[in-house]
Number of protein chains: 2
Amino acid sequence: MSSNLSSFIFCFCLVFLLQSACASKARHLKWELGYLDWAPDCVQSFVIGINGQYPGPTVRAKAGDTLVVEVTNKLPTEGVVIHWHGIRQLGTPWADGTAAISQCAINPEETFVYRFVVDKAGTFFYHAHYGMQRSAGLYGSLIVNVADGQKEPFDYDGELSLLLSDWWHQNIYQQMLGLSSIPFKWIGEPQSLLIQGRGQFNCSLARYSQTTWTYPWPETMCAFNNTQCTPHVLRVQPNKTYRLRIASVTSLASLNFAIGGHKMVLVEADGNYLEPTTVDKIDIYSGESYSVLIRTDQSPSTNYWVSINVRGRKPSTPPGLAILNYYPNPHTKLPAIPPPPSPAWNDTSYSISFARKILGKSSLNPRPPPVAQRRIILLNTQNKMNGYTKWSINNVSLSLPVTPYLGSIKFGLSNAFDSVVPPENFPADYDIMLPPQNPNTTTSTGIFRFELNATVDVILQNANTLTSNNSELHPWHLHGHDFWVLGYGDGKFDEKRDVKGFNLRNPPLRNTVTLFPYGWTALRFVADNPGVWPFHCHIEPHLHMGMGVIFAEGEELVGKIPLSALGCGLTRNLLIHG
Amino acid sequence: MSSNLSSFIFCFCLVFLLQSACASKARHLKWELGYLDWAPDCVQSFVIGINGQYPGPTVRAKAGDTLVVEVTNKLPTEGVVIHWHGIRQLGTPWADGTAAISQCAINPEETFVYRFVVDKAGTFFYHAHYGMQRSAGLYGSLIVNVADGQKEPFDYDGELSLLLSDWWHQNIYQQMLGLSSIPFKWIGEPQSLLIQGRGQFNCSLARYSQTTWTYPWPETMCAFNNTQCTPHVLRVQPNKTYRLRIASVTSLASLNFAIGGHKMVLVEADGNYLEPTTVDKIDIYSGESYSVLIRTDQSPSTNYWVSINVRGRKPSTPPGLAILNYYPNPHTKLPAIPPPPSPAWNDTSYSISFARKILGKSSLNPRPPPVAQRRIILLNTQNKMNGYTKWSINNVSLSLPVTPYLGSIKFGLSNAFDSVVPPENFPADYDIMLPPQNPNTTTSTGIFRFELNATVDVILQNANTLTSNNSELHPWHLHGHDFWVLGYGDGKFDEKRDVKGFNLRNPPLRNTVTLFPYGWTALRFVADNPGVWPFHCHIEPHLHMGMGVIFAEGEELVGKIPLSALGCGLTRNLLIHG
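Residues numbered from 1 in each chain as written. Chains lettered and ligands numbered in written order. Predicted model: local features only at pLDDT ≥ 70, side-chain atom pairs only at ≥ 80, totals over all residues. Heavy atoms only, no water.

On a plain count of helices and strands, chain A comes out with seven helices and 32 strands. The C-alpha radius of gyration of chain A comes to 23 Å, within 12% of the 25 Å expected for a compact globule of 578 residues. Counting across all 578 residues of chain A, residues that qualify as buried make up 63%. Put simply, of all contacts in chain A between residues at least 6 apart along the chain, 80% involve residues at least 24 apart. Summing over all exposed atoms, chain A offers an accessible surface of approximately 21200 Å²; the carbon and sulfur share of this is 54%. (Helix = DSSP H or I, 4+ residues; strand = E, 2+ residues; numbered from the N terminus. Rg over C-alpha atoms; globule rule 2.2 N^0.38 Å. Buried < 20%, exposed > 50% of the residue type's maximum accessible area, 1.4 Å probe, protein only. Contact = heavy atoms within 4.5 Å. Areas by Shrake-Rupley, 256 points an atom, 1.4 Å probe, with all protein chains shown as cover.)

Further remarks concern helix α2 (residues 172–179) of chain B. Residue and element names in this part refer to chain B. Of all eight residues in α2, eight are buried; the element is thus mostly enclosed. Buried residues of α2: I172, Y173, Q174, Q175, M176, L177, G178 and L179, and no others. Regarding α2, its N-cap is N171, as a side-chain oxygen of that residue lies 3.1 Å from the backbone nitrogen of Y173 further along. (Polar contact = N/O pair within 3.5 Å; in protein donor to acceptor, adjacent residues only side chain to side chain.)

Structurally, A:Q133 is set in the loop between β7 (122–128) and β8 (139–145). Classification of A:Q133 by relative accessible area gives buried; the value is 0%. The residues contacting A:Q133, other than those within four sequence positions of it, are A:I48, A:L75, A:E78, A:G79, A:V80, A:A128, A:L138, A:I172, A:E540 and B:T77.

Ranked by internal contacts, the top residues of the largest apolar core, which has 193 residues, are A:Y114, B:Y114 and B:F535. Ignoring any residue separated from it by four or fewer positions in sequence, one finds B:Y114 in contact with B:L67, B:V68, B:V69, B:V71, B:V81, B:I82, B:W84, B:A95, B:G97, B:Q103 and B:I106. (Core = buried A, V, L, I, M, F, W, Y, C linked by side-chain atoms within 4.5 Å.)

Time to look at the sheet that holds strand β14 (residues 264–269) of chain B. Residue and element names in this part refer to chain B. Strand order in the open sheet formed by six strands is β10-β9-β12-β17-β14-β15, and the pairing between neighbours is mixed. Each edge of the sheet is formed by a strand with only one pairing partner; in this case those strands are β10 (192–195) and β15 (272–279). Direction aside, the axes of adjacent strands within the sheet are offset by 25° on average. The sheet contact formed by strand β9 (residues 158–167) and β10 spans four bridges and is antiparallel. If you follow W167 over to β10, its bridge partner there is S192. (Pairing = 2+ DSSP bridges. Axes fitted to C-alpha atoms, helices over the stretch in contact; angles between N-to-C directions.)

All names here are of chain A. According to the stated counting rule, one finds 54 salt bridges over all chains in the structure shown. Put simply, R524 and D457 hold a salt bridge, and the shortest N to O gap is 2.6 Å. One end of the pair, R524, is in strand β30 (residues 519–526); the other, D457, is in strand β25 (residues 455–461), with 67 residues separating them in the sequence. Overall, R524 belongs to the buried group, its relative accessible area being 2%. The class for D457 is buried, based on a relative accessible area of 0%. (Salt bridge = Lys/Arg side-chain N within 4 Å of Asp/Glu carboxyl O.)

Our focus in this paragraph is the environment of B:A258. Residue and element names in this part refer to chain B. With respect to the helices, strands and loops of the structure, A258 is situated in strand β13 (residues 254–259). Judged by relative accessible area, A258 falls into the buried class, the value being 2%. Sequence separation between A258 and K384 is 126 residues; the distance between their C-alpha atoms is 38 Å. Setting aside residues no more than four positions away along its own chain, A258 makes contact with M264, D280, K281, W305, V306, S307 and P340.

Another aspect to go through is the state of the cysteines. Residues and elements named next belong to chain A. A full pass over the atoms with the stated rule returns four disulfides over all chains. Bridging C104 to C568, the disulfide has an S-S length of 2.0 Å. With the S-S dihedral at roughly -85°, the linkage between C104 and C568 falls on the left-handed side. Residue C104 is found in the loop between β5 (82–85) and β6 (111–117), and its partner C568 is found in the loop between β32 (548–553) and α7 (569–572); the two are separated by 464 residues along the sequence. Taken individually, C104 and C568 each receive the classification buried, so the pair is uniform in this respect. (Disulfide = S-S within 2.5 Å.)

Much of the literature gives interface size as the accessible area that the parts lose upon coming together. Between chain B and chain A, the contact holds 41 residues from the first and 41 residues from the second. With both chains or domains summed, chain B and chain A bury close to 3700 Å², and 64% of this area falls on carbon and sulfur atoms. Per-residue buried area on chain B facing chain A is highest for B:T77, B:L563 and B:L575; these three make up 18% of the total on that side. For the interface between chain B and chain A, the tally reads four salt bridges. Residues B:K185 and A:D37 are paired through a salt bridge, measuring 2.7 Å at the closest nitrogen-oxygen approach. Elements represented by at least two residues in the side of chain B that touches chain A include exactly β1 (26–38), β2 (45–50), α2 and α7 (569–572) of chain B. Counting residues per element, the side of chain B that touches chain A draws most heavily on α2(B), which supplies four residues. Class assignment for the residues of the side of chain B that touches chain A results in 17 nonpolar, 17 polar and seven charged. (Buried area = accessible area lost by both parts, 1.4 Å probe. Nonpolar A, V, L, I, M, F, W, Y, C, P; charged D, E, K, R; others polar.)

All names here are of chain B. Looking at the secondary structure, you find H83 in strand β5 (residues 82–85). What makes H83 buried here is its relative accessible area of 1%. Engagement of the side chain of H83 in a polar contact is seen with the backbone oxygen of D96, the distance being 2.8 Å.

For the pair chain B and chain A, the best superposition has an RMSD of 0.0 Å and corresponds to a rotation of 180° with a translation of 0.0 Å parallel to the axis. A rotation of that kind, with that shift, is consistent with a two-fold axis. Here 100% of the contact residues of chain B are again contact residues in chain A; the copies associate through an equivalent surface. (Least-squares fit on C-alpha atoms with pLDDT ≥ 70 in both.)

This next bit is on the sheet that holds strand β2 (residues 45–50) of chain A. One key point about sheets: their strands pair by backbone hydrogen bonds, in either a parallel or an antiparallel sense. Residues and elements named next belong to chain A. Here we have four strands laid out as an open sheet, ordered β2-β1-β4-β6, and mixed in their pairing. Each having just a single partner strand, β2 and β6 make up the two edges of the open sheet. Looking at each pair of strands side by side, their axes are set apart by 20° on average, direction ignored. Bridge count for strand β4 (residues 66–73) against β6 is seven bridges, and the pairing is antiparallel. The residue of β6 that forms the bridge with V69 is Y114.

And the structure:
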C-alpha cells in the first residue's frame, strides 16, 4: 500500500470516527411504570404501561448512542425490570434487564437507571422480564437508525413501525397461578391479537370470511369509538417505498403477517441485514423482528388490510387487523378487498420453507467462524415435576436463583446457585417422536460457562410433548449476542450427517430462532460478551415453566455493577452495617 | 413488711418466674405465601394464601412465647410483609411487618424471619401491610392464651374463633389503580361479607327477610357444595359457656355481629380485659377484636345463625352468615329463626352508645397516667392533590418513603424522609361540618417524634368529606402500643370543655378505636417502645389514600435490624462493595 493511500485511509477513518463521536449522544428518558385502565381489545381491563401509555413509548436512537432510561417503578407491590431485546449490552451486562439474572428487580417507588450503548442499527424492542409482566403489556419498540453519515443498504421514502402482541382477558397473576398449579391450568389461546396494542374482541370485522364480507362497516358490532382499540392506521402516499419495522412480543402466538394486495421485500431481521427476498406473507415468532420494504403501487382508491393470524397452534383467535391508509382516502374507509388469508395453521412445511428463505446479506454481516470449539445439544421436552407441568432442557427445568447470577458471580458467592453444570446432551436412545418414557424432570439453577471468545454451536432438538402426536413450536432467544442460524432439520439431529449441511456462507445473524415441531435448529455464536445471559423460549408461559438455560462467559471482566441491582438475596447481605 | 413475708413473696415470685420461663417457648412456623385459586364467596377468584390455606393458619401461642415465623414469598413478582396486629413488638420494632416503615418488603423467593415475643394474652391477628394485599386475603388469626399457671379472669368450657372480612370481585391491582386514578374510582361496597373466609354471593340465604324466609334450604340458589364457601360452622354443646374470639380484618366494612337468640358478654378487646358487659349485638370495626362469652342455653333442637351486617355505610352487601351448630343437630339443619336484624346502618347514636359501653377492667389493666405531656390533634379530611383524591391529617396526606423509616433513622440517613414535622393541630376556624373550603392538600413523609416514655394524647377530629353532608367512620389503629380510649364526642373537640370529661377511671385499653362521623375521639398512650410506628385508618383504601401518620420514639435504643430488612432504598446503598 502506498504511503499516500494509507494516509488517506487513516485520515478518512479519523474524520469518520470523530464525526461518529460527535453525532452519537446520550438520550435521556424518564419512565414511570404503572397500572393503566385499558381496553386493548375493547374489553375493559388493565395493563402495565409507561408514562400513561400503552404500549410503551417508541424509543428512537442512532447507532452509537447511549440510552439512559431512568425507570421508576410506580406499581404498588410488584418489582419490575426492563429487557432491551436485541441490544447486546457490550460491557454493560447489568443493564440487560433480567430479574434474578442481571439484576434484582426494581422495588416499588425505586428508580433504576439503564445506561447502555445501542451499538448498531436495527429494529428492536423492550419488554418486562419478570414473572409474566410482558403479557401484562409492558413492552414497546426500540428503533435504532444508522449513525449519522451512514446509510442503510436499501432506499425508502418513509418508515412505519408495528409491534405485534396477543392478549388474554384473564390477568397475569391468575395465569401464573394456573401454570404453577396442580392440576395444571393452561392459559389457553389468546382472546385477541393486537397490532400496536390494538385489537377487536368479538367484532365481526375480525371474523371476516371472503364470502360473508359485507358493507357497510359494521360499526354496531365493533367498538370503533373506543380510542384505545380502534385499528392502528398506517398512513401512506401512493407510489412510494416504505420500510415497515415489524416486531413480535407475543406471549404465545406465532403469527403470519400480510398486507392485502402488497408484496414485501425482507431486508432486515433482529437488527441484521438480510439478502433481500420478496414474499407475500411473513411468519413472525415471539422475539423476532423484521424490516420489510413495501411499494405503495396498488390502486390508491382504497385502503388495505394489514392482518395477523395465529400459526402453529390450532387458532381460536380471530385475526388482528390494522389499516394501510392510502392518501387521500379517509382512514375509516373500508378496504375493498378482504384481509389476505394465511396459510393453514398446521402447515409446518410452509413455515420451514419460509424460515429457510431468511438468509443473511453476507457482504454486510460478519461470517461465522468455520468451526466451533464447543457444541451443546439441548433437548426440549415437556415434563412433570412433583405433579407440576414443566418444560425441560436435557431433563433440567430452569429455576432462577434468589440472588441474581451476575452479582453472585461477581462477588464469588458460590452457594448462590447450583454449581453442577447442566447436561449438554441427552441420551442417544431418546425417542423424540414419543412422549417422554419417564416424564419426571429435575430443576436446577446451574449454568453453562464458556471460555471467552469461544465459538459455540447450540443444537436445539425438539421432541414430543406429554401429549401423544404433539410437538410445539419454540422461538428461542439469546441475550447478549447475535447468532448465525446454520440450519433447520426434521427429526433427530445427526452430527455426522447434519453438520456438513450447515450454511456457513450466508446464514442469517439473529437473536431469536424457531425450533419447529419434531425438528432441530442449529446456531453458532461467539461467546465474546462478558456477563451472564439467558437463552430461552420466548413464549412467556414456557419460560415461566422453566424453558431456558443460562450462559456465562468472561465473568472476571464484568465491571462495576450498580448498587441498585444488588439489593436482594446474598448480595444484599454484603451490607456495611451487617 | 416482715422479713418472712418478703422472703415468701420473693420465693413465690422466683418460682413463678422460673415456671413462666420454662413454660414459654419458641414456636417455629414455616410459611409460604402464594396466590391460590379460591372462591371466598363461591365466585371463582384468587387470593393470597399461606401454605395453600385461606384464610392463613390460625396461630396459637401462650403469653411469653417467642414466635418465629419464616415467611417465604412465593408470589412471582410482588413483595410482601406480615404485620402482627396487636403485638407491641417490644424490643423488636423490625418485626412489625410494615413495608416502607419497619422493613423492606420481602422479595419474591426470599425468606424473612419474624421473631418476636407475644408478651400478653389476647385475641390478635396478622395480615399483609403492603399495598392493599390485606384485601387480597392475606390474613389469619393469632390467639395468645395466658401463660401456664395463669388464669383468665372468666371461665368458659370451650373456645371458638371467627375472623371477619369483606370481599370484592375486582382484583386489588385494579382497586389500587382506581384509587390512584383521575378521575378517582372508588372500590364501592364489598360484594360479600365473609366469616372465616366464607361468604355466599348472590345466594338467597344471604338475602333473607323475616317474611320471605322459607324452607327447605334453598340449595339450588346457593353454592353449598363448594367447600371453599359453605358457611363456617361453630360446633357447640348445649348448656356450656363458650368464648368466641371475634376479629375484623375487613378492608372497608364496619360490621354489626350477632347470634340469633343468644346474648354475649364482652370480656376482652384487642388483648385487654373489659368490664364484663352483656349485649345483643356487637359493633366491630376493621382492626378490632373482641372476646365474648356466650351461654348455649337456647333450645338445642335447632341451630342458630351467626350474622354480620354492614354499619355506617349504606349497605348494598348482603349479610355474612355462619352457623352455630348445637349438638346433636347436623350442621346442615336450617336454623329455626332468621338471622338477627342489625340496627339501621346510619344509626350513629347506636354505634356511639355501643362504643361507650366498652370499658376497661380497671382491676386488671394499667391505669392511664393522669396527665399527658403532649397533645396532638389530628383533623381527618378528604382532599384533592393535583386532581387525585386523598385523605389527609391536618392537611397532610401520608406518603411512604422509599427507604423504610426504621433503617434510615437507625443509620442516620437524614435525607430519606421529610425532616419537617407535620402540623399537630389545625386552624381554629376550620368548619368540620362543611367540605374543605380549600380542598387542596399536600403530601409528606414527615413523622412525629416523641420523647421516650412521654405520655401522649391524640385527639382524632372528624370532619365533612368532599361531599356535602357526609362524614365517614374511621377505625384508627396504632402499632407498637396499646392506648386508653378516654372519650368520644360530637362535633369539634374543645380542649377546655372536653378534657375534663375524659374517662381516666376505667377507659378501655386498645390498639384500634373508631372516629365517628362529625365527632372526635380521644386516646392516651405512653411512648415507651423504641421504634417507628404508624397510626392509621385501618380501612385499607383509606390508608392507601394517605390516611395515617408516623410516630417514633427512642430511636437511639433500636437494636440490630436484620439485614434482610434493609435491601431497598438508601439502606441498600450501604453495601460493602459500593
